[in-house]
Structure formats: C-alpha cells, structure tokens
Amino acid sequence: MRSHHCNELRESDLGKSVELVGWVNSARDHGGVIFIDLRDREGMTQCVFRPEESAEAAKLSHSLRDEDVVQVKGVVAKRLAGAENSKMSTGTIEVVATGLTIINKADVLPFQLDKELSNEDIRMKYRYLDLRRPRMSRNIRLRSTITSAARRYLDEVGFYEIETPILSNPTPEGARDFLVPSRLNPGKFYALPQAPQQYKQLMMVAGLEKYFQIARCFRDEDLRADRQPEFTQIDIEASFIGQEDIIKLVQGLLGAMFKAGLDVDIPSEFPRMTYREAMDVYGSDKPDTRFEMKITDIADVFAATEFKIFRSVLDGGGVVRAINAKGFACVTTGQMNRLNEIAVQAGLPVKNLAFIKLENGEYKSPLWKIFNDAEKAAVTAKMNLEEGDIVFFAAGSRESVSTILGRVRTECAVMQELNKDSQKFNFLWVVDFPLLAHDEDSGDWVAVHHPFTRPHPEDIELLEKGDYANVRAVAYDVVLNGYELGGGSIRIHEKELQAKMFSVLGVTPEEQQIKFAHILDAFRFGAPPHGGLALGLDRIAMLVAGEDSIREVIAFPKNNKGADLMAQSPCEIGMKELREVYVQSTYKKKAEEKAPE
Ligand code: ASP
C-alpha cells in the first residue's frame, strides 16, 4: 500500500511520485488548503491538499479527522521557505497530494495522544491507543532491539534457544504458583512456571550444554513498579562452567544489549562486592552505587559511651552505625516523618531516628547534649559532618541496622533526587550470597536463591555441622542502579548433596520422591557440573528506556491488582466450558470417591 514510510522522504526525493499510508496525526486548514501530518510507526510526513493539484482529493481532505487511516498519493516537493520544521526529520519536504483514500475513519479518541496522561487506568483500558504515542512506541521498539541483540549474542556464542513447558509443576522460586485445572485429569492441576529452573538443569543432564530462552515466568506475588505477575526472563544455563564464565558471558551479553539499545559502551567488567559488604556498606543486596552515603561503623567512637541505648547494644554484641546525607540538613518535617516511618517499618524499635545536623554553624540533635566533647569531635570527623549535612544513626543487631539505614539511605536519595541520573549505568556483581536464611515465622531454613544452588566449596563443612547461617552459596546477582537485573548460581549436580539440601529445607524423603524424583533420578545418570542465571528482560528494557516502571515497556501489562483493564482479565467463570473444567477438576473426583458406581 505504500512506496515509503513516513520517516523516509528527504530533499533527495524531490519530484518523486510516492504513496504513503498511516494515521492522520493532525489536520490543519490554512485558508481552505488542508495540511496533515501523516504518521506511521517510523515517523511523520506533512501532506498538503491543493485544489489545483487534485480537486477531488482536496475536497475529500476537508473531511479528515485525527487518527483516520488514509492513503495519500502525491509528489515530493520542497516546503516553502520559512515553513520548514527542524524538529521533524522530514521537515524540509512535503507531499503534494494527487490522491486520497480514506481507508478507515476514526471516532474521537478518549484522550489526546500528544499529551502525557496521568490516569493510568484510562491508558490501560485503551492500551492500543496508548501504544500509538511516540514514547510508548519507542519503548516497544527498544525492547525488541535489545531482545534481538540478546538472541544474536547468545546464538553467536553457541547457545541453543529451547522452549520449556508452560503447563508444568510448582517450582520452588519462593512465590505463589498460578494453577490451571486439567480437564483430562479431574482433580489435578498444572502450575505455571515461576522459572524454567528444573527443566534447564535437566537439559544439562541431557547433554545440550548451552541453553537459553526468552522465557515467560509467572509468580503470584504482590505487584510493584518493577513486578508483574507474568514477566520475561532471559534464562541461561550451561555445563562445564563456573561462576567466572557466567559473569563474563553476562557482561558481554549486557554490553551487546546496551550497545544495540542506546549505542553506549558499558564497562566490559563490572565491579564486584560480596553480599556481606553490600549489606554492611549499603544496607541492600542491590545497592545503587551512583551515590555514596555509605553506612559507617562508629562503634569505636562510642567505645566508652555512657549513653544507655548505645551502651547496651554494644555490650550485647550489636553495632552502632550511621550515614551522612550530605547537604540534606534542610529536610522538611514531612520528609522527616516519612523517614521515621520507613525506619520503623524496617525494624527501628523506637519512633524516631536519631540524627545530628549542622545548620548555620550550629549542631542540632537530640543526642548532642548526651555526647561528650571527645565523642562529638570523633563523630564529626568520622562521618565527615560538614555544614548542611545530616547524619542518621542506628544501633542494634548488624542485620537490623543494615536494613534500617539501607532503607533510609535509599529514601534520602529519592528525596534528594540523587537517583535521577538515568544516563549513568552503575553495574555491579553481588557475590557470595548466603545459601540459607532462617524464616522467623515458620522457624524453617529456606533457600535464599533456590534449593538447587550449590553451597560454597569452602563452607561444606559448616553445612555438615549444621551451622546453616554461615554457609555461603556460589550465587551471584547482577545489579544496575539499585535494581536487581538478574541472578543465578552454580548448581548442585550430585544426588546426595541435592537430597541433603532438601532435607535441610525440611523436605522429607517422601516429599522429595513426590516432588523432585525426576531431578534426583536424573542426577544418578551422569549429570555434568552446570550453572546459569536469569536476567529480567522487563527491568533491563525499563532501564534502557529510562522509565521507572516495567509497565512502560510491556505491551499489555497488568495493573497493580493483577488486572488487564482492556481485556477485563481475569474474568468471572462465566463461560460454560470454563465452568465445566473447574467443576470437573475440583468436584468430580470427590463426587466419584463418595459414590463409586
Ligand atoms: N531460576 C532463577 C530465577 O528465576 C535463576 C537461575 O538460578 O538461573 O531467579
């Protein structure tokens, strides 16, 4: 239907007869002559309808409305001097129309496409219109570009792209499963995969050696700006490799994706930090290192303190630490309340954060009168407390102090807009994650990554001894600007070790047989050492696009209640067939058991 797209014609095309199709982005009447900007996904071209060129087309052009779908035939001409538009790449030419076909008329749209719209519900209800807006169509294109760059890269280094089942069994990745009833097996359900973890490991046992998949994963969790119930991972697994190989591979892969998407060269090697260091210094396992505000241990300053709270914490083996929010002494009361609220949510046992600020040469602090002169001088020096700064303190266990100050650090950064620079890409590896964590509610040990993760070889003895809290894993996360882009691990490939890991996690031998017999069996038949990682494609696309929600880079996302407002999904069970499946799978079996015929 067209000879060119709408972002193609230039002065070198003057005099050519062309055909364009697209949407009427805008129509203007200049003294009886109609000008339209014709838009397709590539861009816009101005078309002008002069009666002397085609009386018929000119007449019809008066009926054009925004978003009508039209075909324009015409000749490329230079715009009159002064009528050029330097903002358009086609801005020095126009198409003088000799023919116009209205392919499909458009009603008045529920919102204007050239204005930002704060009502996200309306955007989602008419997502197909929302996606016509240049920002969204750029985002979708960027996503496609980086996805194909990833495919190309992995293909070039020898990875096979392999699909794994969507209808499968529950996968222990730490979220709730989505369940699907099986019509052919009344009373039985499939679970949608939280990740293709076990299948990809079984592929390694199968000898496929290098696998990847652009894999849709499903997790029934509460939603946030960077979470959706279904999301996409670049899922990777390889045999006969170690952590260094995965790290190298992923640095190269991300390099190729950022080059393709933004034409930037990211560092070929990312800095590394252990989990312990990340928690101690940044209070987070995915620190945003674009700003400092590091957590500093100040126990030595208060070694001889008389201040009761610090004294009892230090005597009890706890820590006293602080952060300096530089230049933030101007914090408002509202902001201070918010910071206190966040600290309390993070576990601060009192209502208010302790602080010292230095404003107009004066120290202001509820603590200042409690500290002696030596402590005051030492705190000032150690925290580099200068005019305009505010220092926040926390005392307690190492973990709780990290969590509290980590959250306060992040929130101060948001308030001070230190996290706004989307052109700065601070990649980071966080390594040596703990293998296990103690779940206070259930009293159980749970896998920090997942149950297939390999204990650190140096810590096997601790695992044997039952010192679970101190066993590290060969597990790594790749982080960018405070977001976890992905994570993975080297896996267990021995049946005995895997069974041991299950039993530490409280999975009885009987349960292991029911849930994991396939993988335990597979490890008996020559399983190679293997490992991998999964990258969150949505988050990468979000950061490449400079957006702050993954909804902006997913064509049809769900809202924060897990609903698709356009398709009205999820739906009530109303359709006859669907109801039958549910009734069959949930009740028929019970009914049969009760009344066998
Ligand atoms: N299955 C893991 C996840 O989804 C990634 C991996 O260990 O490769 O987080």
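Some details on the sheet that holds strand β1 (residues 17-30)
Either a parallel or an antiparallel arrangement is found when strands of a sheet pair, and the pairing is made through backbone hydrogen bonds.
(1) Moving on: Within the closed barrel, the five strands sit side by side as β1-β2-β3-β5-β4. Their pairing is mixed. The average angle at which neighbouring strand axes cross in this sheet is 55 degrees, direction not considered.
(2) Moving on: Relative to strand β5 (residues 93-104), strand β3 (residues 43-49) is paired through two bridges, and the arrangement is parallel. Bridge pairing in β5 places V48 opposite V96.

Thoughts on the packing of aromatic side chains
(1) Moving on: Evaluation of the coordinates by the stated rule reveals 20 aromatic pairs.
(2) Moving on: An aromatic cluster is present here, built from F302, F307, F310, Y363, W368, F371 and F393 joined pairwise through their rings.

Points about the side chain of R409
(1) Moving on: Counting through the fold element by element, R409 comes out in helix α11 (residues 398-415).
(2) Moving on: It is D288 that comes nearest to the buried, bridge-free R409 among opposite-charge side chains, at 6.2 Å.
(3) Moving on: Looking at R409, its side chain comes within polar contact range of the main-chain oxygen of M293, at 3.2 Å.
(4) Moving on: Discounting chain neighbours no more than four positions away, the residues touching R409 are Y282, D288, F291, E292, M293 and I323.

Let's talk about helix α10 (residues 373-382)
(1) Moving on: Three or more residues of α10 are buried, namely E375, K376, V379 and T380. End-on, the buried residues of α10 take up no more than an arc of 130 degrees, which puts them together on one face. α10 presents D373, A374 and A381 as exposed residues on the side facing more than 90 degrees away from its buried surface.
(2) Moving on: For α10, the elements touching its buried residues are β14 (354-359), β15 (362-364) and β16 (390-396).
(3) Moving on: The N-cap of α10, judged by a side-chain oxygen 3.1 Å from the amide nitrogen of A374 a few residues on, is N372.
(4) Moving on: One or two positions beyond α10, positive phi appears at N384, with a value near 50 degrees.

Cut-off values and rules
Residues numbered from 1 in each chain as written. Predicted model: local features only at pLDDT ≥ 70, side-chain atom pairs only at ≥ 80, totals over all residues. Heavy atoms only, no water. Pairing = 2+ DSSP bridges. Helix = DSSP H or I, 4+ residues; strand = E, 2+ residues; numbered from the N terminus. Axes fitted to C-alpha atoms, helices over the stretch in contact; angles between N-to-C directions. Phe/Tyr/Trp six-rings, centres within 6.5 Å; stacked < 30°, edge-to-face > 60°. Buried < 20%, exposed > 50% of the residue type's maximum accessible area, 1.4 Å probe, protein only. Lys, Arg positive; Asp, Glu negative; His and termini not counted. Salt bridge = Lys/Arg side-chain N within 4 Å of Asp/Glu carboxyl O. Polar contact = N/O pair within 3.5 Å; in protein donor to acceptor, adjacent residues only side chain to side chain. Contact = heavy atoms within 4.5 Å. Arc of directions from axis to C-beta.

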